[in-house]
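# Structural overview for review
Letter by letter, the chains look like this.
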Amino acid sequence: MSTLIITSLVILSLAILGCLIRLFLGPSIPDRIAALDTIGILLLSMIAVISILLGTEAYFDIILVIGILTFIGTTAFARYMERGVVIDAGDE
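Residues numbered from 1 in each chain as written. Predicted model: local features only at pLDDT ≥ 70, side-chain atom pairs only at ≥ 80, totals over all residues. Heavy atoms only, no water.

## Concerning helix 2 (residues 29–54)
Over its 26 residues, helix 2 extends 37 Å from the first C-alpha to the last, a length consistent with the 38 Å expected when each residue adds 1.5 Å. The set of residues buried in helix 2 consists of Ile33, Ala35, Ile39, Gly40, Leu42, Met46, Ile47, Val49 and Ser51. Lining the buried residues of helix 2 we find helix 1 (2–25) and helix 3 (60–83). Positioned one or two residues after helix 2, Gly55 has a phi angle of 70°, which is positive. (Helix = DSSP H or I, 4+ residues; strand = E, 2+ residues; numbered from the N terminus. Expected span 1.5 Å × (residues − 1). Buried < 20%, exposed > 50% of the residue type's maximum accessible area, 1.4 Å probe, protein only. Contact = heavy atoms within 4.5 Å.)

## A look at helix 3
Under the 1.5 Å per step criterion, the end-to-end length of helix 3 is 35 Å for 24 residues, consistent within 8% with the ideal 34 Å. Buried within helix 3 we find Ile63, Ile66 and Thr70. Of the surrounding secondary structure, the elements contacted by the buried residues of helix 3 are helix 2. In the stretch just after helix 3, Gly84 is the one whose phi turns positive, near 90°.

## Considerations on the confidence of the model for the chain
With 92% of its residues at a pLDDT of 70 or more, the chain shows a mean pLDDT of 88. Here helix 3 stands out as the least confident element of the chain, with mean pLDDT 87; helix 1 is the most confident, with 94. (pLDDT = per-residue confidence, 0-100.)

As structure tokens, then:
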């Protein structure tokens, strides 16, 4: 079982490496945003697998925080791309 978990960590690491390449060389901003979102999800997955490997529930709070930050970051980038601003000040 430990070998399977280590193998999954290696595969997740390679996926993060591929996303980093897309993040730096991406032809467009939406590609880079998608790569950044995917890196966040893969990082979340790696922490979950490490939690299983160590047999502890101590990392569940970290997983939750990373998930929330990934969602907020992706939403902010999408709003910026759509409107040009992240926070709309209203009718000024």
